[in-house]
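Chain by chain, the residues:
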Amino acid sequence: MSNLLRSFGGPMTAVILFLVSLWVFGMIAGPQVIMIEQSLWKIERGEGGAELSNRIDGLYNQVDILSLDRMDLEEKPATPERDAKLAAIDAKITEIQAEVSELESREIEPRKVYTWENYGLMGSAHLSIFIKTILASLSVTAIAFVVCYPIAFAVAKLATPGRAAIIMLGLVIPYAINELLRIFAWQMILNYNGVANVLLGLLGFEPIPFLESGTGVFIAMVYAYILFMVFPIYNTIETLDMNQIEAARDLGAPTWKIHWRVVLPHARPGIAVGCIMTFMLSAGSYAVPYIMTRGIAEPWFTQLIYNKFFESTNWNAGSAYAFTLLCACVVFIFVMMKLLKVRLQDIAK
């Protein structure tokens, strides 16, 4: 705080702190608190619930229709037949109003009741999907690390500046295209009659059902989130003194040991950030698994959350499901920090 005051002065420091607080509490903490609170309650209706309310609304509609009929009859000349009809309508309205009064006396105002029931709605089937989603996200993270670590190391330490720039452009340029278009492109490539299977056929192999087997989801996800793994690892490896690698090589260390004992320990903060970002994006992805499986395979947990919010319009259960996924992501963050022995200060660098 003292450094901030010395650098920007009192008024500017106050503005910065206000904007940061607005961002943290208004855009991050606030929505999460609202979601957590929403997940902890449900609307408890009285006797009959929605059915009773609909019955009362229907009776009120009948009263309105009968009242309109009565107004039409009153405009006609007075005759015994008209008077009889008016009397019949009045009797019917009185009867319906009595029934409405009786039903309203039984109807209890819906109450907001705090409960854990929204979390209990998950059941064994949805819990199984949740576990599979977490395991699949871990697999995507592991595959992305295996693919991205060599790229990051080659760009940071092996490639010339010109080649490094070309590799980076090759990674960044596809991201100028909308994510959905990139996913649909992979769907066409991995389709049963797509480019990948055509090439396999030319090589004498049988077509592989990439989309039906779920393999396409992993391929598309690794491609979609590759930059989030490459850049953090690249940034940390770039700060590694090349003399340490040369010294290890001069001492006779094989390549795998140089990476295990020198490069990987130095790159731990970048690896942690890359794994955390890739895992959270994978676990929270809705478009990739839905598009790559055409919506016919077993859904990911994010699809269940979407269905709870927008199809069954059960926002309380949807909030409970979303908070469960959030807790899994937070646990993963701390597990990664523990395994890689990094602190928040290291990640922030």
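For the structure, see preceding data.
Reference entry: report on the structure contained in this document. Note that the structure is predicted; figures quoted are calculated from it, not measured.

What counts as what
Residues numbered from 1 in each chain as written. Predicted model: local features only at pLDDT ≥ 70, side-chain atom pairs only at ≥ 80, totals over all residues. Heavy atoms only, no water. Helix = DSSP H or I, 4+ residues; strand = E, 2+ residues; numbered from the N terminus. Buried < 20%, exposed > 50% of the residue type's maximum accessible area, 1.4 Å probe, protein only. Lys, Arg positive; Asp, Glu negative; His and termini not counted. Salt bridge = Lys/Arg side-chain N within 4 Å of Asp/Glu carboxyl O. Contact = heavy atoms within 4.5 Å. Arc of directions from axis to C-beta.

Some details on unusual backbone geometry
In this structure, Thr-313 takes a positive phi of about 50 degrees despite not being glycine. If you trace the backbone, Thr-313 turns up in the loop between α16 (301-310) and α17 (315-340). With a relative accessible area of 56%, Thr-313 lands in the exposed category. Even without being a glycine, Lys-341 presents a positive backbone phi close to 55 degrees. Along the chain, the position of Lys-341 falls in the loop between α17 and α18 (344-348).

So, the side chain of Lys-308
Here Lys-308 lies in helix α16. This buried residue, Lys-308, is left without a salt bridge; Glu-311 holds the nearest opposite charge, at 9.9 Å. When residues no more than four places from it in sequence are discounted, the contact partners of Lys-308 are His-126, Thr-313, Asn-314, Trp-315, Ala-317, Gly-318 and Tyr-321.

Brief notes about helix α8 (residues 195-202)
Taken together, the buried positions of α8 are occupied by Ala-196, Asn-197 and Leu-200. On an axial view of α8, the arc spanned by its buried residues comes to 90 degrees, and they lie on one face. Facing away from the buried surface of α8 by more than 90 degrees, the exposed residues are Val-195 and Leu-202. Check the buried side of α8 and you find it contacts α7 (179-190) and α9 (210-213). Following α8 by one or two positions, Gly-204 has its phi on the positive side, about 95 degrees.

Keep in mind that these numbers describe shape and distance, not what the molecule does.
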